[in-house]
Amino acid sequence: MSRPLDCLLQLLRGTPRQRVCTFFLIGFKFLFFVSIIIYWHVGGEPKDQGHLYNLPVDIPCPTSVPPSPRNCTPLAGNNIFFLETSERTNPNFLFMCSVESAARAHPEAQVAVLMKGLRGSGAPLPRHLGISLLGCFPNVQMLPLDLDALFRGTPLAAWHAASQQRWEPYLLPVLSDAARLALLWKFGGVYLDTDFIVLRSLGNLTNVLGTQSRYVLNGAFLAFERRHEFLALCMRDFVAHYNSWIWGHQGPQLLTRVFKKWCNIHSLAQSHSCRGVTALPRQAFYPVPWQSWKKYFEDISPEELSQLLSATYAAHVWNRKSQGTRLEATSRTLLAQLQARYCPTTHSAMRLYL
């Protein structure tokens, strides 16, 4: 008989109190396992992904697009980065809108979309509507994401090698948390999650992150200089306090605890800026809290919209919560109005095909 099973049988034969504790532990582990399965079934894949495969693979480019950036090469420091750490290569409409809005707001910058599923060595890009649409913008580049090369020479290299040999419940989100730190540390620039809509230029923001709430920072937006020590400290903390079983532990919670250590504070209320690193107020990137994500799908007047976003650089849409929610592209909802104004090419495609 195997040792774990033998130990379990001994506990079940023990006192009533031991048996209660044993059944409690078994039940807890079973519920945790079920929650992981539900997470990957409900939230692991975008719900509109199947619909995207029924769309045309090419789209005519609009006559009005940002001009080609001058004297700007990929991964040269003047970059806005988006990451896709899964094997998916078919961007959904929110992904397209995020990249388009960034490209339109930064015509002089290079917008680099790094996707793990793309093949290097001159391989042609996959034929999908999203790839075709983003190809209309001369300052957008679709690039393969080589995670081994990205983590090489960083404190995350050994962790990444070990992570490929074991199963973890939130590996893709954790991988994304790690990749954005290594990317900005190596190259510098701006990182954005693929569920942002950029409203204005981010070019004046350096060594900045956003406040999600009174207690937590968030890494869905990051802007840092190359080789900044704050990012190095984040990567070292990532490894030293690694826990893949707690959602957000390697993301928002990591940035919050590192910022507190960086500023030598116990609460975010004590300081929003120190030693050259600034945490901007919630309105800058998270004007709608995640608890109120449904507000993006509610009608809003132009006056209320202007007031809500008066201090916002880019609006985070909380796709983890909102994915699969039906949106009428012609409606007066907050999200539809943002898409019509800041990613009109994507919005036109949505009106045609949704």
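The shown structure was predicted, so the numbers you read here are calculated from the model rather than taken from an experiment.

S.K.: Would you explain the overall build of the protein chain in this entry?
M.R.: The secondary structure content of the protein chain amounts to 14 helices and 10 strands. Buried residues in the protein chain amount to 50% of all 354 residues. At a minimum sequence separation of 6, the contacts of the protein chain that also span at least 24 residues come to 76%. Counting only carbon and sulfur atoms, one obtains 57% of the accessible surface of the protein chain, whose full area is about 17,500 Å².

S.K.: Would you mind going over the sheet that holds strand S9 (residues 277–280) with me for this structure?
M.R.: Strand pairing in a sheet takes place through backbone hydrogen bonds and is either antiparallel or parallel in direction. Ordered by their spatial adjacency, 8 strands build an open sheet running S3-S2-S1-S4-S7-S6-S9-S8, and the pairing between neighbours is mixed. In this open sheet, the two edge strands, each paired with only one partner strand, are strand S3 (140–144) and strand S8 (273–274). As paired strands, strand S1 (residues 79–84) and strand S2 (residues 110–115) are joined by 6 bridges and run parallel to one another. Pairing of Glu84 across the sheet is with Met115, part of S2. In this fold helix H4 (residues 93–105) packs onto S1, S2, S3 and strand S4 (189–192), with an angle of close to 155° to the strand it touches most, S2.

S.K.: Please explain the state of the cysteines as it appears in this structure.
M.R.: Scanning the entire structure with this criterion turns up 3 disulfides. Here Cys97 connects covalently by a disulfide to Cys343, the sulfurs 2.0 Å from one another. One disulfide, between Cys97 and Cys343, carries an S-S torsion of -85° and so falls in the left-handed class. Linking Cys97 in helix H4 with Cys343 in the loop between helix H13 (334–342) and helix H14 (344–353), this pair joins segments that are 246 residues apart in sequence. A sulfur-sulfur distance of 1.8 Å marks the disulfide that ties Cys263 to Cys274. On the S-S bond that ties Cys263 to Cys274, the torsion sits near -90°, and the link is left-handed.

S.K.: Can you help me understand the side chain of Lys186 in this one?
M.R.: Within the secondary structure, Lys186 sits in helix H8 (residues 171–187). Ignoring sequence-local partners within four residues, the contact set of Lys186 consists of Ala149, Leu150, Arg152, Thr154 and Arg226.

S.K.: What is the right way to read a nonpolar patch on the surface from this model?
M.R.: A surface patch of nonpolar side chains, about 350 Å² in accessible area, is lined by Trp167, Trp245 and Ile246. If you trace the backbone, Trp245 turns up in the loop between helix H9 (229–240) and helix H10 (252–263).

S.K.: How do you make sense of the environment of Leu133 when you look at a structure like this?
M.R.: The residue Leu133 is located in helix H5 (residues 129–134) in this model. Sequence separation between Leu133 and Thr346 is 213 residues, and the spatial gap between their C-alpha atoms is 7.5 Å. Non-local contacts of Leu133, meaning those with residues more than four positions away in its chain, are made with Ile59, Met96, Glu100, Thr345, Thr346 and Ala349.

S.K.: Help me out: how do you make sense of unusual backbone geometry in this one?
M.R.: Glycine aside, the phi torsion of most residues is negative, and most peptide linkages are trans. Phi at Asn207 takes a positive value of approximately 55°, unusual for a residue other than glycine. Within the secondary structure, Asn207 sits in the loop between strand S5 (196–198) and strand S6 (208–211). We classify Asn207 as buried; its relative accessible area is 7%. Positive phi values are uncommon outside glycine, yet Arg227 reaches one of about 60°. For Arg227, the position within the fold is in the loop between strand S7 (217–224) and H9.

S.K.: Help me understand the pairing of S7 in this model?
M.R.: In regular strands, side chains alternate between the two faces of the sheet. Of all 8 residues in S7, 8 are buried; the element is thus mostly enclosed. Pairing analysis gives 4 bridges linking S6 to S7, with the strands arranged antiparallel. Across the sheet, residue Leu209 finds its bridge partner in S7, namely Leu222. Taken together, S6 and the strand that follows it, S7, pair antiparallel across an intervening segment of 5 residues.

S.K.: I tried to follow H8 on my own but got confused; where do I start?
M.R.: Between the first and last C-alpha of H8 there are 24 Å, a value that for 17 residues agrees with the 24 Å anticipated at 1.5 Å per step. Of all the 17 residues making up H8, 14 are buried; the element is thus mostly covered by neighbouring parts of the structure. After H8 finishes, the residue Gly188 shows a positive phi value of roughly 75°.

Reading guide: rules and limits
- Residues numbered from 1 in each chain as written.
- Predicted model: local features only at pLDDT ≥ 70, side-chain atom pairs only at ≥ 80, totals over all residues.
- Heavy atoms only, no water.
- Helix = DSSP H or I, 4+ residues; strand = E, 2+ residues; numbered from the N terminus.
- Buried < 20%, exposed > 50% of the residue type's maximum accessible area, 1.4 Å probe, protein only.
- Contact = heavy atoms within 4.5 Å.
- Areas by Shrake-Rupley, 256 points an atom, 1.4 Å probe, with all protein chains shown as cover.
- Pairing = 2+ DSSP bridges.
- Axes fitted to C-alpha atoms, helices over the stretch in contact; angles between N-to-C directions.
- Disulfide = S-S within 2.5 Å.
- Patch = residues over 30% accessible without salt bridge, like charges linked within 9 Å, V, L, I, M, F, W, Y side chains within 5 Å.
- Salt bridge = Lys/Arg side-chain N within 4 Å of Asp/Glu carboxyl O.
- Expected span 1.5 Å × (residues − 1).

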